[in-house]
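Next come the chains, spelled out residue by residue.
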Amino acid sequence: MRIERIEIRYTKMELVSPFETSMGVEAHEHHIQVRVDGEGLTGWGECAVSDTPHYSPETVETAWHILRDFLIPAVLGRRIGAVGEVLPLWVKVRGHNMAKAGLESALWDALAKEQGISLAKALGGTRDRVPVGVSVGLQASPEALVRKVAAHLAEGYKRIKLKIAPGRDVALVKAVRREFPDILLQVDANSAFALDDVGIFRAMDDERLLLIEQPLGYEDIYDHAKLQRELKTPICLDESIHSAADARAAVELGSCRVINIKPGRVGGFSESKAIHDFCAGAGIPVWHGGMLESGIGRAGNVALASLPNFTLPGDISASRRYFKQDIVEPEFVIDKDSMMAVPVGPGIGVEVLADRLEKVTVRRQEFKINR
Ligand code: OSB
Ligand code: MG
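Not measured: the values here are computed from a predicted model.

Participant: Mind showing me how you'd approach the domain arrangement of the chain here?
Facilitator: Size of an interface: often given as the accessible area lost when the parts come together. According to the domain assignment, the chain consists of domain 1 (5-116 + 352-368) and domain 2 (122-341). A separation of 23 Å is found between the C-alpha centroids of domain 1 and domain 2. On the domain 2 side, the residues contacting the 34 residues of domain 1 number 43 residues. Here domain 1 meets domain 2 over a buried area of about 3100 Å², counting both sides, of which 65% is carbon and sulfur. Contact with domain 2 buries area across many residues of domain 1, yet Phe 19, Tyr 55 and Trp 108 alone supply 21% of it, more than any other trio.

Laid out in structure tokens, this is it:
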């Protein structure tokens with residue numbers, strides 16, 4: 001396909017309830033939606049950045065800049081047969097993984113549509129539904145958290161992730177575990193602790209957690225290895241893993257026993273697959289993280305999560321857990337087994353609703369070839 005036109009849109013979508021983590025509180029999602037057109041085909045991708053550099057160093061503004069000035073000029077007007085041809089055009093751009101992933105995923109969608117296959121099939125997915133869970137933000141009190149967890153269990157979620165932060169840690173885990181002795185439970189600290197806090201993690205080591213996600217520094221691999229040696233519960237890395245090379249370092253050092261894959265954090269689906277494949281060979285289970293994506297990004301997440309080594313439930317919840325109204329149709333739902341169906345239509349397999357997208361668009365820019 002020849003890339004004839006690319007459009008980027010800054011979208012701002014209100015969450016059904018504010019999401020609090022150790023990094024702060026978010027009431028809206030600020031992302032960039034990327035649209036690629038050529039030869040009658042349209043591909044969509046989502047750049048899962050934020051308006052703040054609190055999870056990753058990237059923001060909407062840095063990703064906009066990198067897309068506009070480096071990534072889009074490198075592909076516009078080119079004839080692309082496979083996404084693998086695009087990545088060498090970007091090798092000089094260091095970092096900016098979320099910006100790369102937004103455009104890379106739109107190209108995956110367009111090229112899957114060109115072949116008439118689903119994105120899941122194009123990526124090597126092997127399953128038609130994937131296990132999912134829900135990520136629960138910090139609440140006002142342990143009692144409020146228990147109520148929130150109960151509500152999600154009633155909605156059908158069978159795996160609960162609790163956000164933790166200093167001073168809001170062991171007591172939350174114990175309160176939820178006491179109330180729900182048998183649920184699949186895990187925690188995510190978003191890098192809020194230090195190695196000296198090992199006592200806090202020892203105190204939750206007997207709570208039968210599936211994993212403890214990113215307890216220490218957001219670039220750290222070394223201290224996580226020391227912490228993992230002190231714990232029975234598997235550590236899972238999120239923030240620290242930006243590439244398959246990082247995954248190999250973490251696994252070889254013993255820094256984690258599980259890895260969270262987010263295409264945005266690692267620069268797209270191609271690198272996600274490389275991490276998935278490395279982990280499969282190393283006996284390390286992976287699961288799909290989330291960045292509170294709209295239906296555009298979520299469709300890609302579900303497709304990627306259909307690869308065989310995504311064995312743990314993903315942070316891929318129903319559209320309604322995030323937004324009153326999604327920008328795609330059909331919206332994403334879960335079934336009675338806490339599973340989500342993988343779209344089967346060409347590419348992302350969902351339709352982007354033009355009027356809904358327009359309503360949440362803050363600004364847009366179009367790039368076209370000169371004929
Ligand atoms: O650390 O997994 C995280 C959301 C924003 C930034 C970081 C994280 C999260 C989540 C949300 O936990 C997961 C979801 O999309 O449901
Ligand atoms: Mg995380």
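Participant: It is not clear to me how the site of ligand 1 should be interpreted in this structure. Could you clarify?
Facilitator: Residues in close proximity to ligand 1 total 15 residues, the closest being Ser 135, Asp 188, Asn 190, Leu 292 and Tyr 322. At 3.0 Å from an oxygen atom of ligand 1 is found a side-chain nitrogen or oxygen belonging to Lys 161. Contacts to ligand 1 include Tyr 322, whose side-chain N or O atom sits 2.6 Å from an oxygen atom. In the complex, the protein chains occlude 99% of the 390 Å² of accessible area that ligand 1 would expose alone. For the shell around ligand 1, a count of residues per class yields 5 nonpolar, 3 polar and 7 charged.

Participant: Before we go on, may I ask you to explain the sheet that holds strand S10 (residues 258-261) in this structure?
Facilitator: The strands that make up a sheet are held in pairs by hydrogen bonds between backbone atoms, and each pair lies either parallel or antiparallel. With parallel pairing, the 7 strands of this open sheet are ordered in space as S5-S6-S7-S8-S9-S10-S11. The open sheet terminates on both sides in strands that have one partner only, identified here as strand S5 (134-136) and strand S11 (286-288). Looking at chain direction, strand S6 (residues 159-163) and strand S7 (residues 184-188) are connected through 5 bridges and run parallel. Its bridge partner lying in S7, Lys 163 is registered against Asp 188. Of the strands in this sheet, S5 and S6 touch helix H4 (residues 142-155), which is tilted by about 155° from S6. Together, S10 and S11 form the strand contacts of helix H10 (residues 269-282), whose direction differs from that of S10 by roughly 165°.

Participant: Even after reading the chapter, I still don't get the side chain of Thr 59, so can you show me in this structure?
Facilitator: Relative to the helices and strands, Thr 59 resides in the loop between strand S3 (41-47) and helix H1 (60-75). By relative accessible area, Thr 59 is classed as buried at 12%.

Participant: Whenever I open this one, the nonpolar core confuses me. Can you help?
Facilitator: Inside soluble globular proteins, nonpolar side chains tend to come together where they are buried. Residues Ile 32, Val 36, Leu 103, Val 176, Met 204, Ile 259 and Ile 275 are the most contacted members of the largest nonpolar core, which totals 117 residues. Ranked by residue count, the leading element in this core is H1, at 9 residues. Taken domain by domain, the makeup of this core includes at least three residues from each of domain 1 (5-116 + 352-368) and domain 2 (122-341). Those residues within four positions of Met 204 in sequence are excluded, and the remaining contacts are Ile 164, Asp 169, Val 170, Val 173, Val 187, Leu 209, Ile 212 and Thr 233. With 5 residues, the next largest nonpolar core counts Leu 211, Cys 236, Val 258 and Leu 312 among its residues.

Participant: Honestly, the environment of Arg 208 in this entry has me stumped. Any pointers?
Facilitator: Tracing the chain through its elements places Arg 208 in the loop between helix H6 (198-202) and strand S8 (212-213). A residue is classified by how much of its surface remains accessible, and Arg 208, at 51% relative accessible area, is exposed. With 13 residues separating them along the chain, Arg 208 and Leu 195 place their C-alpha atoms 21 Å apart. If near-sequence neighbours (up to four positions away) are discounted, Arg 208 is found in contact with Arg 177, Pro 181 and Leu 185. Here Pro 181 takes part through its backbone oxygen, which lies 2.9 Å from a polar atom of the side chain of Arg 208.

Participant: Sorry if this is basic, but what is going on with the sheet that holds strand S15 (residues 361-368) here?
Facilitator: Reading across from one edge, S3-S2-S1-S15 is the order of the 4 strands in this open sheet, with antiparallel pairing throughout. With partners counted over all chains shown, the strands left at the sheet margins are S3 and S15, one partner each. The average angle at which neighbouring strand axes cross in this sheet is 25°, direction not considered. When strand S2 (residues 24-38) meets S3, the two strands line up antiparallel, connected through 7 bridges.

Participant: Would you mind showing me how to read the side chain of Ser 338 here?
Facilitator: The topology assignment puts Ser 338 in the loop between strand S12 (328-329) and strand S13 (339-341). A polar contact of 2.7 Å, which involves the side chain of Ser 338, links it to the backbone oxygen of Val 132. Discounting chain neighbours no more than four positions away, the residues touching Ser 338 are Val 130, Pro 131, Val 132, Gly 156, Tyr 157, Lys 158 and Arg 159.

Basis of the calculations
- Residues numbered from 1 in each chain as written.
- Chains lettered and ligands numbered in written order.
- Predicted model: local features only at pLDDT ≥ 70, side-chain atom pairs only at ≥ 80, totals over all residues.
- Heavy atoms only, no water.
- Domains from an automatic or database assignment.
- Contact = heavy atoms within 4.5 Å.
- Buried area = accessible area lost by both parts, 1.4 Å probe.
- Near = heavy atom within 4 Å.
- Polar contact = N/O pair within 3.5 Å; in protein donor to acceptor, adjacent residues only side chain to side chain.
- Areas by Shrake-Rupley, 256 points an atom, 1.4 Å probe, with all protein chains shown as cover.
- Nonpolar A, V, L, I, M, F, W, Y, C, P; charged D, E, K, R; others polar.
- Pairing = 2+ DSSP bridges.
- Helix = DSSP H or I, 4+ residues; strand = E, 2+ residues; numbered from the N terminus.
- Axes fitted to C-alpha atoms, helices over the stretch in contact; angles between N-to-C directions.
- Buried < 20%, exposed > 50% of the residue type's maximum accessible area, 1.4 Å probe, protein only.
- Core = buried A, V, L, I, M, F, W, Y, C linked by side-chain atoms within 4.5 Å.

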